[in-house]
Amino acid sequence: MKTIILRTASNYLLPILLLFSIFILLRGHYLPGGGFVGGLIASIAFVLHAFANGLKDTKKLLKFHPGFLMPVGLALAFLSGLLPVIGFDEAFMTGLWMHDPIPVIGSIGTALFFDIGVYIVVQGVTLTIIFTISESA
Amino acid sequence: MMQQLLLYPLLWQLFMSIALMFAWQHINIQRVMSIVGSAVGLVFSGMLFYKVLVYGTQTIQAGGWEAPFGITFVADTLSATLVLLTSIAGLAVSSFSSASIIPARLRFGYFAIFHFLLLGLIGAFLTGDIFNLYVWFEIIIISSFVLITLGGEKAQIEGAVKYFTLNILASIIFLTAIAVLYGLAGSLNMADLAVLIPKIENRGLVKVAAILFLIGFGIKSAVFPLYFWLPASYHTPPSAVAAIFGGLLTKVGVYALIRVFTLIFVGDVLLDEILIVIAVLTLFSGGIGALVQKNMRKVFSYLIICHIGFMIAGLGMFTELAIAGAIFYLIHDIVVKTNLFMISGIIYRIKGSNNIKSLGGLYKEYPKLSLLMTIPFFSLIGIPPLSGFWPKISLIVSSFNTQNYLVLGAVIFASFLTLIVMAKLWSEVFWKNPVDLPKREHFLYFNKMTTTRKLQMLLPIVFLTGVSLYIGFGAESIQQLSTRIAGELMNSQQYIEAVMPKS
Amino acid sequence: MEFLLAIMTGILYAAGLYMMLRRSLVKLIIGLIMISNGANLLIFLLGRITKGHPPIIKGSAEVFADIYADPVPQALILTAIVISFGLQSFAIILVKRAYKVVKTDDLDEMNTTDEEI
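Note that this is a predicted model, so its numbers are computed, not measured. (Residues numbered from 1 in each chain as written. Chains lettered and ligands numbered in written order. Predicted model: local features only at pLDDT ≥ 70, side-chain atom pairs only at ≥ 80, totals over all residues.)

Colleague: Please explain the interface of chain C and chain B as it appears in this structure.
Modeller: Size of an interface: often given as the accessible area lost when the parts come together. On the side of chain B, 30 residues touch chain C, which itself brings 29 residues to the contact. Listed by contribution, the elements that provide at least two residues to the side of chain C that touches chain B are α2 (25-46) and α3 (71-102) of chain C. For the side of chain C that touches chain B, the element with the most residues is α3 of chain C, which contributes 14 residues. In terms of residue class, the side of chain C that touches chain B is made up of 20 nonpolar, 6 polar and 3 charged. (Contact = placed C-beta atoms within 7 Å. Helix = DSSP H or I, 4+ residues; strand = E, 2+ residues; numbered from the N terminus. Nonpolar A, V, L, I, M, F, W, Y, C, P; charged D, E, K, R; others polar.)

Colleague: What's the story with helix α17 (residues 389-401) of chain B in this structure? I'm lost.
Modeller: An α-helical turn contains 3.6 residues, so a residue and the one three or four places further along point in the same direction. All names here are of chain B. Taking 1.5 Å per residue as the helical rise, α17 with its 13 residues ought to reach 18 Å, and the 19 Å between its terminal C-alpha atoms agrees with that figure. Lining the buried residues of α17 we find α13 (296-317), α14 (320-351), α18 (405-431) and α20 (475-490). Q403, located one to two residues past α17, shows a positive phi value of around 60 degrees. (Expected span 1.5 Å × (residues − 1).)

Colleague: Explain the packing of helix α12 (residues 269-292) of chain B against α13 of chain B here, please?
Modeller: Helix-helix packing: each pair is described by the crossing angle between the helix axes and the interaxial distance. Residues and elements named next belong to chain B. Close contact between α12 and α13 brings their axes to 7 Å; oriented N to C, the two are set at 160 degrees. Classed by the angle they form, the pair α12 and α13 counts as roughly antiparallel. The chirality of how α12 crosses α13 is left-handed. For the pair α12 and α13, contact is made by D272, L275, I276, I278, A279, T282, L283, G286, G287, G289 and A290 and by V299, Y302, L303, I305, C306, I308, G309, I312, A313, L315, G316 and M317, respectively. When its residues are assigned to classes, the contact of α12 with α13 shows 16 nonpolar, 6 polar and 1 charged. (Axes fitted to C-alpha atoms, helices over the stretch in contact; angles between N-to-C directions. Parallel < 35°, antiparallel > 145°, perpendicular 65-115°, else oblique. Left-handed = near helix turned anticlockwise from the far one by under 90°.)

Colleague: I tried to follow the packing of helix α7 (residues 154-185) of chain B against helix α9 (residues 203-221) of chain B on my own but got confused; where do I start?
Modeller: Residue and element names in this part refer to chain B. Look at α7 against α9: their axes get within 8 Å of each other, and the N-to-C directions meet at 155 degrees. Considering the angle they form, α7 stands roughly antiparallel to α9. Where α7 crosses over α9, the handedness of that crossing is left-handed. Touching L166, N167, L169, A170, I173, F174, T176, A177, V180, L181 and L184 of α7 are L205, V206, V208, A209, L212, F213, I215, G216, I219 and K220, all from α9.

Colleague: Explain the pairing of strand β2 (residues 72-75) of chain B here, please?
Modeller: Walk down a regular strand and you will see the side chains alternate between the two sheet faces. Residue and element names in this part refer to chain B. Side chains of β2 alternate between two faces, with T72 and V74 and F73 and A75 buried alike. In this structure, strand β1 (residues 58-61) lies alongside β2, joined through 4 bridges in antiparallel fashion. Looking across to β2, one finds that Q58 is bridged to A75. (Buried ≥ 20, exposed ≤ 12 C-beta atoms within 10 Å, placed from the backbone. Pairing = 2+ DSSP bridges.)

This is the structure in structure tokens:
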């Protein structure tokens, strides 16, 4: 599928889709969205890039194996769940929130870091699966 | 910090699998980490067990959301005991697999997935929420799919297709049952359901939900008409994987059956009768299947099925004594089945084959090892005073008391079949004159291994044999434990009150 | 609406089971996907379909007075979808490997596990 139109479009679409995925990730606490959907959109961006430019280029763009994202994301989600247990003697996964919201970003809590962890894991898993399938084809 | 002790065995396994993922390529580091980590996990589980034994049922509301709304984690005596046994088997298999599984397989993240499997098992035992139980089951089956296909041999892939299809089907049936239950009661918390379900007027639909649960968990625990995936797949993966599968995976299904049918769907005569019929047929078909098999691990696979029948029979008779017998058998079976599959792994490493026709002369070559192996063999049969004997007393006595003579006959017949199968195995594998097997190239034979590796394979067997000897000779304490568990299960009020205080 | 959804659930279950009983590996996977979608739809249906507001109580109010939509079935379905996403992608890779190794997609030809080794 190496048409010029798709190739040119995918180069512009990749940053836009990644930005959109982060937007979806951040609005996910009260509105539809969240880590899972955001991660899927981000990996779709890379898959589209791989369709247009070939798997090799996408891998060069990523610089590391997407499988590495899995433990990183899991560790982030795990730590954000563990923080209340270690620091505050609350039950696992209790949401902790900062008292004063930061300007522009809003109030930050452990739920945000859990969602970012999910975002990273979903990207890692999806890209690993798709790369494995298309490599062995 | 200690108030959260309930979740530590769970969180520790999650931590282990994440840490092992970071050390993806360094298999020597992974070996050490996994063994040390499993030992630490055992300490946590032991502490939880002690706490539950002394202070009674422990609960935690995850995220601080109160009982019927949030996800509850409950450790009553049954859960704590099974978590402890999971950790014991996990430690043994972790050490065994670091020696017996070839590095090519370890490099694909074997240990990380293994600890993920343990995470799923512990989570399934500890959760108090029926949908959360589904999630833990999915974690268990996803990691077991990876473990069963790791290596990608022809037989493994074929076994995996069968294992995979039926286990996913079981999960979907389980999910359907949850949907019906939620539609009926509007709650997912098991303690809450125990209060709500008896009040529901639409008894027909409750019965449908119960049967759906029975089928879903029945596939997972491999009972009579639903067990065909098990002998088609359990002998294909490496023996260490088969050990953890044979020891624990079917037992999670049994645990779920026991939990659901003593807590949520209680007092349904039809269900108890169905359970008894299933148990009897499972005992027969598993035993007869084991009799005709020639592959050692297939024999053990059929014996798993056969012995599931004992536990289901105990559940079906539904008296305190019978359930105590079922629980005792569950405790004994986890230890012995894990041990047996590891033994078959050692025999495979010694001879390069698992076909009992081409094995032989093991007693002559390794007399001490053979004597060690007799103990789990005899425990499995239930030669007094070894561990398999005591639960059968409870089962037989209660089948007299409840006049279930069919169960009585089936229990005795299945024990007898187990005796024949094990005697046949003993004479073929250990006593028969050695058969000359062609030497396999590129195969790591047992006597060419380094001493450390040999010890890594032998010590877990010694360890588990020690545990089953303790279960046999310390039967008094185990019997007390299982009676206490049965008492808690029959009187679900304390479980409900522990989850939802002053309800 | 309920009636339509009930019919749809039934069709999905039946079609899924039918596909699973075929002998082709690919149809097996399609059957599994259909049947798990049927289960998700069933949860949605049994969670009572009501048009309502999200059950978030305002800080000033004591109780939620409006009609609300039960959020639990949606959470359950979301979880189930995520899980089946993982399972199905694994299944597809497995089927591909099985086709490569066994060189057939006929389930009846997969008898290696029944042979005596």
